[in-house]
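Architecture at a glance
Here's the letter readout for the chains.
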Amino acid sequence: MRYSAVCGSLSVSRSERRAVVSDEFELFRREMTGVTPLEGDDVADVRTAFTPTLAQIERRKAAEQQAEDDLNYLSMEFVDRVAPEDVLEFRRDGVQHGVYKQLRMGRYEIEAALDLHHHSLRQARKALFDFIQLCHRRGVRTAIVVHGIGKFSKPHPALLKSYVNKWLRQLEPVMAFHSAQRQHGGVGSMYVMLRKNPEQKAFNRERHQKR
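Residues numbered from 1 in each chain as written. Predicted model: local features only at pLDDT ≥ 70, side-chain atom pairs only at ≥ 80, totals over all residues. Heavy atoms only, no water.

Tracing the backbone through its elements, the reader meets asparagine 72 in the loop between helix H3 (54–71) and strand E2 (89–91). Sequence-distant contacts of asparagine 72, that is, excluding residues within four places in its chain, are made with Arg125, Lys126 and Phe129. (Helix = DSSP H or I, 4+ residues; strand = E, 2+ residues; numbered from the N terminus. Contact = heavy atoms within 4.5 Å.)

What follows is the structure, encoded as structure tokens:
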């Protein structure tokens, strides 16, 4: 499974306009239940009257984006800077040393991948958050995140790498991570280990009870 983020455009499609019109007309229709409609050639087309302006649609999209951002708790504030060639590592309490070593050596099957090349910080923040949540829901245990090293980025080398290092620690499903082996991108990539989701935990409990 490969997951990539697609940045939204400010353009408004016809389908979006139709969806907004349909919602508002349905609300109006319910309010007018029981009212006898007028007859004649001079009656206005109610659907046309409720056609939203471009500004109204953009305001609605902005409100929806704000609601989505509120769910994403990854911080865009100060970050501890890492160097382009730094090896990054992290593991939570409870992750066994042998398990972590297997992750560090790249010996677990990589079940999902996210490539953050050509992403702005805001785009990367959303892509990483969505990717980890999706992996956790689908039961992925080992994934890889490609962030690059940003060695020649100006004015802040390795800025994205620094934020990925910070964000992965903030994501509750992440149990551990480590810079990848050379064949998987080296210090420009990260192996990520995820905790079991509720369904996997329930399955394990049932299996142990049957023993």
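It is worth spelling out the confidence of the model for the protein at this point. Here the protein shows a mean pLDDT of 83. Residues at 70 or above account for 73%. Every residue in residues 1–12 is under pLDDT 50, and counting partners more than four places away or in other chains gives 27 contacts. (pLDDT = per-residue confidence, 0-100.)

Moving on, we come to empty space enclosed by the protein. Enumeration according to the criterion identifies one cavity of 30 Å³ or more in this entry. Looking at the largest cavity, its volume works out to about 30 Å³. Lining the largest cavity we find Gln102, Leu103, Gly106, Arg107, Tyr108, Ile110, Thr142 and Tyr191. Within the lining of the largest cavity, the residues separate by chemical class into four nonpolar, three polar and one charged. (1 Å grid on protein atoms, 1.4 Å probe; cavity = no way out; pocket = protein on both sides within 12 Å on 5 of 7 lines; lining within 4 Å. Points joined across faces, edges and corners; volume = space filled by probe spheres on them. Nonpolar A, V, L, I, M, F, W, Y, C, P; charged D, E, K, R; others polar.)

We now examine the pairing of strand E6 (residues 189–194). The buried fraction of E6 is high, at six of six residues. Where burial is concerned, the two faces of E6 agree: the one with Ser189, Tyr191 and Met193 and the one with Met190, Val192 and Leu194 are both buried. The pairing of strand E5 (residues 174–179) with E6 spans five bridges and is antiparallel. Bridge pairing in E6 places histidine 178 opposite tyrosine 191. (Buried < 20%, exposed > 50% of the residue type's maximum accessible area, 1.4 Å probe, protein only. Pairing = 2+ DSSP bridges.)

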